[in-house]
Amino acid sequence: MKIQVLADRTIGSLQEEFHEKYPYLKLVFFSKPHKAFEGSPAKYILSTPEKTLGSIEANPHDGKISIDGEMPTWRLEQLFEKEFGLHVQVFRKSGTLWLETSKTDQLTLQEQNSKGRESDHIVQMQDVPEFREQP
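Throughout this document, residue positions are counted from 1 along each chain, in the order its sequence is written. The predicted nature of this model means local features are confined to residues of pLDDT at least 70 and side-chain atom pairs, given and counted, to a pLDDT of 80 or more, with totals for whole chains, interfaces and linings taken over all residues. With hydrogens and water set aside, each side-chain value is computed from the structure's full complement of heavy atoms.

Q: Quick question: what am I supposed to make of the side chain of S40 here?
A: In DSSP terms, a helix is any run of H or I states spanning at least four residues, a strand is any run of E spanning at least two, and both are numbered starting from the N terminus. Looking at the secondary structure, you find S40 in the loop between β2 (25-30) and α2 (53-56). Buried, partly exposed and exposed residues are distinguished by accessible area as a fraction of the type maximum, computed with a 1.4 Å probe on protein chains only: under 20%, between the cut-offs, and over 50%, respectively. On the basis of relative accessibility, which here comes to 9%, the residue S40 falls in the buried class. Setting aside its immediate chain neighbours within four residues, S40 contacts F30, H34, Q89 and E100. Contacts are assigned to residue pairs that have any heavy atoms within 4.5 Å of one another.

Below, the structure written as structure tokens:
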């Protein structure tokens, strides 16, 4: 898959395209960089999906990023950083929560997506109605 990174493209449209390919993952944009295998503080999340990539890039320009399911998570984050100066973290669905993958950045995107899919089928004990045998 190739993602177009265009200065006038919105954060939301890029996130949607990625999420269509990897439904149990999402890209989250931050205003500050992070180190490999480290998380990003929530206070730096860019939560406005209408914001353009050009408005958050250090040196706005157009290009493409080739994404392969066998690519380690850290590599995708690094590509966005090095090629466009965009600070992203991959998050993985875990039940009803989204977890930052910083501790599992060595896993491939496909492995992360599979872990998310598996967690979607786990039934939380609080979601199970109480059942008792009737006398």
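Q: Could you clarify how one ought to interpret the confidence of the model for the chain in this entry?
A: Caution applies to low-pLDDT regions: their predicted coordinates should not be interpreted in detail. Scored by pLDDT, the chain has a mean of 88; 89% of the residues are at 70 or more. Across the chain, the secondary-structure element scoring lowest on mean pLDDT is strand β5 (residues 97-100), at 92, and the one scoring highest is helix α1 (residues 11-21), at 97. Note on scores: pLDDT gives the predictor's confidence for each residue, bounded by 0 and 100. Counting interchain partners and residues more than four positions distant, the pLDDT-below-50 stretch residues 131-135 has 0 contacts.

Q: Would you mind going over the sheet that holds β2 with me for this structure?
A: Two orientations exist for strands paired in a sheet by backbone hydrogen bonds: parallel and antiparallel. For two strands to be treated as a pair, DSSP must find at least two bridges joining them. Ordered in space as β2-β4-β5, the 3 strands form an open sheet in which the pairing is antiparallel. Each edge of the sheet is formed by a strand with only one pairing partner; in this case those strands are β2 and β5. Averaged over all pairs of adjacent strands, the angle between their axes in this sheet comes to 40°, without regard to strand direction. By the bridge criterion, 4 bridges tie strand β4 (residues 87-94) to β5 in an arrangement that is antiparallel. From the neighbouring strand, K93 faces β5, where its bridge partner is W98. On the sheet, α1 packs against β2 and β5 and is oriented at approximately 155° with respect to β2. Interaxial angle, 0 to 180 degrees, is taken between N-to-C directions of lines fitted to C-alpha atoms, where a helix line uses only the stretch in contact. Against the sheet, helix α4 (residues 109-120) contacts β2 and β4, and its axis sits at roughly 35° relative to β4.

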